Amino acid sequence: MADIIIVGGGLAGTVVASRLHQRRPSLLIVLIEAGPDPKNHDHVLNPTEASLLHFSDLDYKYFTTPQEHLDGKPKYNCGIKALGGGSVINTGGWIRGDALDYDEWAQDVGDERWSYNGQLPYFKRSEKHFDPEADPVQHGSDGPVHTASVRSTGRKYPLRDTVLKLWSRLDLKHNHDLNDGRPQGISDLVENWRNGKRQVVQSTYPLGGVQVHSDSLVQRVIIDETKTATGVELANDEIIELKRGGQVIISAGAYRTPQVLMLSGIGNSSHLSEYKIPITVDLPSVGQNLHDHLGHFRYWKLRYPEKGLALGSPEFGGPNYNLGGPVDFLVRAPIPVEPLKAAIENDEELVSDDHPLLKGPRTHLEMLLLYGALGAEIQGLQIPLDGASVSTFVMGCLPTSRGSVTLASSNATDAPIIDPNYYATEMDQHVMREGFRMHSRLMLETPEGKELVQSEHTPPGYPILGTYASDEEIDARIRMGATTVFHPGGTAAMGQVVDNSLKVYGITNLRVVDASVIPKPLAAHYQVPVYGKSIFESSSVSHC
Ligand SMILES: Cc1cc2nc3c(=O)[nH]c(=O)nc-3n(C[C@H](O)[C@H](O)[C@H](O)COP(=O)(O)OP(=O)(O)OC[C@H]3O[C@@H](n4cnc5c(N)ncnc54)[C@H](O)[C@@H]3O)c2cc1C
């Protein structure tokens, strides 16, 4: 019998298991992961091979429902089925986000522990940050996850100075620290590559002393008549029981956590009845409120490809180039308030000037310029990786579109139905158009852009769009080419499905710890908040 059962050995589940064991070695902690231990998998350790993991045997290979606002097409969504979860494939962007977003979260749930300052000790505890220019008050120096900015790795890309000038045309300041809670401006990208290698979560939060069951899919949490979790049932009918007073923690990620909850009878009663699942708690918010970041790439043909400016050119190489991705800066920006307000008014009635998305100003856009043209086939483009092209990327940081995860069957072996409802609101469309227009201006109209690029590679049948392109023309490009940035969250949201201590409403001894509890989008990449929250939570569970 276990003291603690953790469902899902991904990023959150592994951190929680490892830390609980460190803090309370006498506890019998059982970590159950649907996929294998990927330690011998060919493409895991080298982050530059992450693309080879897509559609591999480690990928759940999710497809969304046809997306009404993205030309009616289903969109591919990766989910990793392996010990380590998303840490096995993610690109290592270490992007904490904007303090204002965490503060709004704390305000919404009335609990300062979820504010930026409330989470800061846990952010710091996760990291060992290498950057003499970063603010030491904001950073950890002895945590397990090694993080470093581009500059501090010593790599100097040939386009660094030009690209800095290019981004400066947006009147943004050059930040010395991307992760100090005030990320607006042009900052060196920070990554958690260590000596050019991936740090899968189980290498930084080791699982020695934890009983790990890999290749084991949980079908449901067993809940007794007093509405107390007493164990779990696996898809192969095996049962793992919990000691009296123990805890089940669900960390199955934003797509599968709501599935496990619903299969355990926790969810919208009429939806559960469709699949003849006995109702334990009628909690209609389970699986609702799905949010995700949507991003869009544009591809640019370089004017002087012979100069070795991009990936694929034999001349593109230099000291420490293997220590991170081919990019210098991450740019985070607000957008003008009045047009934003008008866009929000399209979606919501009565938008006051102190609407949370207008205040701050909030970080609405993330952008970068990548020294290479990767992933262009999604837009029907065939661009050789020959050093002759670069790409720009834009992401809407605080989308208001919300989707859902629902059951496709009563069987955990079947993927749930994922409907992110991308690009549904005028607000989301407006933000992405703003970013798109910024890139048109930078690349086609500034001296640096003109010097850098000869033209845009446009998807077949789509014209080059300058700064005067109409909303409709831009929307058409984005609807066709936009992709997930792999940050699903919100499907077991704090305040709706779990309380401020991550306990599932209506059930004793059952918690959720993973990206699904994030109530609203953050202008972050989600490994950082998930690390922070998991460390926070393992501290509080171990006191129980
Ligand atoms: C391609 C890609 C690139 C990314 N890039 C970045 C990046 O650069 N920076 C960044 O910050 N974030 C990035 N992310 C996001 C980040 O990795 C995730 O936010 C993070 O992994 C979420 O952690 P989690 O614990 O919520 O879920 P996961 O890490 O997905 O873990 C969930 C685990 O639960 C297991 N599981 C599910 N159902 C069951 C069940 N029924 N029984 C047993 N086990 C189950 C799964 O197999 C999985 O291992 C990326 C993600 C992807 C997919």
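If you're wondering where the values come from, they're calculated on a predicted model, not measured in any experiment.

Moving on, we get to the pairing of strand β5 (residues 127-130). Because side chains alternate across β5, one face comprises the buried residues E127 and H129, and the other comprises K128 and F130, none of which is buried. The pairing of β5 with strand β6 (residues 145-149) spans four bridges and is classified as parallel. Across the sheet, residue K128 finds its bridge partner in β6, namely H146.

Note that an α-helix has 3.6 residues per turn; residues three or four places apart therefore point the same way. In this model, helix α10 (residues 426-445) (20 residues) spans 27 Å end to end at C-alpha, consistent with the 28 Å of a helix rising 1.5 Å per residue. By the criterion of burial, α10 is predominantly enclosed, with 15 of the 20 residues buried.

As a further point, take the environment of G396. Looking at the element boundaries, G396 is found in strand β20 (residues 389-396). Not counting the four nearest positions on each side in its chain, G396 is found in contact with H293, L294, H364, D428, V431 and M432.

Here the focus is the UniProt feature "active site" (unreviewed entry) in the chain. The UniProt feature table records "active site" (unreviewed entry) at H487 and H525. Spanning 39 residues, the annotated positions come together in the fold, the maximum distance between their C-alpha atoms being 6.9 Å. Structurally, H487 is set in the loop between β24 (483-484) and β25 (510-512). Using a count of 24 C-beta atoms within 10 Å as the deciding quantity, one classes H487 as buried. Contacts of H487, omitting those with residues within four sequence positions, involve D292, H293, H525 and Y526. One can find H525 in the loop between β25 and α13 (527-541). Setting aside residues up to four positions removed in sequence, H525 forms contacts with G93, I95 and H487.

Right, let's get into the UniProt feature "binding site: FAD" (unreviewed entry) in the chain. Per the UniProt record, "binding site: FAD" (unreviewed entry) is annotated on V218. What makes V218 buried here is the crowd of 27 C-beta atoms within 10 Å.

A word on unusual backbone geometry. Leaving glycine aside, a negative phi is the common case for residues, and trans is the common case for peptide bonds. A cis amide bond, omega 0 degrees, links G360 with the succeeding residue P361. Within the secondary structure layout, P361 lies in the loop between α9 (337-347) and β19 (365-370). In this structure, L350 takes a positive phi of about 50 degrees despite not being glycine. Exposure remark for L350: the 6 C-beta atoms within 10 Å place this residue in the exposed category. The residue N509 is not glycine, and still its phi comes out positive at about 65 degrees.

What counts, and at which threshold
- Throughout this description, residue numbers start from 1 for each chain and increase along the sequence as written.
- Confidence filtering applies because this is a predicted model: local features only for residues at pLDDT of at least 70, side-chain atom pairs given and counted only at 80 or more, and all residues used for totals across whole chains, interfaces and linings.
- Field definition: a residue is buried when 20 or more other C-beta atoms are found within 10 Å of its C-beta, exposed when 12 or fewer are, and partly exposed for counts in between, with C-beta atoms placed from the backbone.
- For the purposes of this entry, the term helix denotes a DSSP run of H or I that reaches at least four residues, the term strand denotes a run of E that reaches at least two, and both are numbered from the N terminus.
- A pair of strands counts as paired when DSSP detects no fewer than two bridges linking them.
- By definition here, a helix of n residues has an expected span of 1.5 Å times n minus one.
- Note on contacts: residues are paired as contacts if their backbone-placed C-beta atoms lie within 7 Å.
- UniProt positions are given in the numbering used here, feature names are shortened, and annotations may be inferred rather than shown by experiment.

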